[in-house]
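Summary of structural features
Letter by letter, the chains look like this.
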Amino acid sequence: MTTMTPITTSARTGLADLLDGIREQTARDLGPRRTALAVADVLRAGMPPIDLLTAEERVGDANELVSHLLHAEPAFSIKALVWQPGQLTPIHDHIAWCAFGVMQGVEYETLYRDDGDHLTEIGRVANQVGDVSGFAPPGDIHRVHNTGDITAISLHVYGADLSADAVSIRREYDLRVEPDPRS
């Protein structure tokens, strides 16, 4: 996953207002899950426009998922992820809470439960433009896939400082996957 050099906050449409709202929520010390949901509400109320990213940043890379670090500070970081059609993540979980919103395209997400010697698929969702969600470890195991025919772009807020090439993924899973027995 490549990360591009960030442009200054003031040059990014809508980022300054978003930062104010996120800072207000992270200062409340709500705990990981409630913070993720509160930050998701901030995104839902004020998702920046697609021109938050330059035209060049919105292109992506045919060979790998592109991640643009837009802002980082001790309490949180903001990244824009750019997915070409067919690109997908490994099955993984995270080092911290996350809230995300889809800005363009569709991100297909498969959710899993860790059952020790295998993973059980527990849900699937097609996140459309404007869809926003939040989650926190534990229980945040998923894989994201651009199943559409256009580039997908999403904005992610992670509850960690991801500057200096830090990554949001805690662990990748290489376990057998079984369907949910309840479905």
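Structure report, in brief. (Residues numbered from 1 in each chain as written. Predicted model: local features only at pLDDT ≥ 70, side-chain atom pairs only at ≥ 80, totals over all residues. Heavy atoms only, no water.)

**Some points on the overall build of the protein**
Broken down by element type, the protein carries 2 helices and 12 strands. For the protein, the sequential pattern of α-helices and β-strands runs β-α-α-β-β-β-β-β-β-β-β-β-β-β. Taken over C-alpha atoms, the radius of gyration comes to 16 Å for the protein, in line with the 16 Å a tight globule of 183 residues would show. Oriented by its inertia axes, the alpha-carbon framework of the protein measures out at about 50 × 40 × 30 Å. Taking all 183 residues of the protein together, 46% fall into the buried category. For the protein, the computed accessible surface area is about 9,000 Å², with 51% contributed by carbon and sulfur atoms. Within the protein, one finds 15 positive and 27 negative side-chain charges whose respective centroids are separated by 5 Å. (Helix = DSSP H or I, 4+ residues; strand = E, 2+ residues; numbered from the N terminus. Rg over C-alpha atoms; globule rule 2.2 N^0.38 Å. Buried < 20%, exposed > 50% of the residue type's maximum accessible area, 1.4 Å probe, protein only. Areas by Shrake-Rupley, 256 points an atom, 1.4 Å probe, with all protein chains shown as cover. Lys, Arg positive; Asp, Glu negative; His and termini not counted. Charge placed at Lys NZ, Arg CZ, Asp CG, Glu CD.)

**Remarks on the pairing of strand β6 (residues 107-114)**
Here β6 runs beside strand β7 (residues 118-127); their pairing, made up of 8 bridges, is antiparallel. For Leu111, the partnering residue across the bridge sits in β7 and is Gly123. Connecting the antiparallel pair β6 and β7 is a turn made up of 3 residues, with Gly116 showing a positive phi of about 85 degrees. (Pairing = 2+ DSSP bridges.)

**Here we look at the packing of aromatic side chains**
All chains considered together, the criterion is met by 1 aromatic pair. Look at Phe100 and Phe135: their rings are 6.4 Å apart centre to centre, the planes differ by 55 degrees, and that puts the pair in the tilted class. Of the two residues, Phe100 sits in strand β5 (residues 98-104) while Phe135 sits in strand β8 (residues 132-135), which places them 35 residues apart along the sequence. Assessed through its relative accessible area of 4%, Phe100 is described here as buried. Phe135 gets classed as buried once you look at its relative accessible area, which sits at 14%. (Phe/Tyr/Trp six-rings, centres within 6.5 Å; stacked < 30°, edge-to-face > 60°.)

**Description of the packing of helix α1 (residues 15-26) against helix α2 (residues 32-46)**
Running from amino to carboxyl end, α1 crosses α2 at an angle of 160 degrees, the nearest separation of the two axes being 9 Å. Classified by the interaxial angle, the pair formed by α1 and α2 is roughly antiparallel. α2 is crossed by α1, and the crossing has right-handed handedness. Residue-level contacts link Leu18, Gly21, Ile22, Gln25 and Thr26 of α1 to Thr35, Ala38, Val39, Val42, Leu43 and Gly46 of α2. (Axes fitted to C-alpha atoms, helices over the stretch in contact; angles between N-to-C directions. Parallel < 35°, antiparallel > 145°, perpendicular 65-115°, else oblique. Left-handed = near helix turned anticlockwise from the far one by under 90°. Contact = heavy atoms within 4.5 Å.)

**Digging into the nonpolar core**
Membership of the largest hydrophobic core comes to 25 residues, with the highest contact counts inside it found for Leu18, Ile22, Leu70, Ile78, Leu155 and Val157. For this core, the secondary structure elements donating two or more residues are α1, α2, β2 (66-73), β3 (76-83), β5 and β10 (152-158). Setting aside its immediate chain neighbours within four residues, Ile78 contacts Leu15, Leu18, Leu19, Ile22, His68, Leu69, Leu70, His71, Leu155, His156 and Val157. Core analysis: the second largest hydrophobic core is formed by 13 residues, Leu65, Trp83, Cys98 and Phe135 among them. (Core = buried A, V, L, I, M, F, W, Y, C linked by side-chain atoms within 4.5 Å.)

**Some remarks on the environment of Leu18**
With respect to the secondary-structure elements, Leu18 resides in helix α1. Along the primary structure Leu18 and Met47 are separated by 29 residues, whereas in three dimensions their C-alpha atoms are 7.6 Å apart. Among residues more than four places away in sequence, those in contact with Leu18 are Val42, Leu43, Gly46, Pro48, Ile78 and Leu155.

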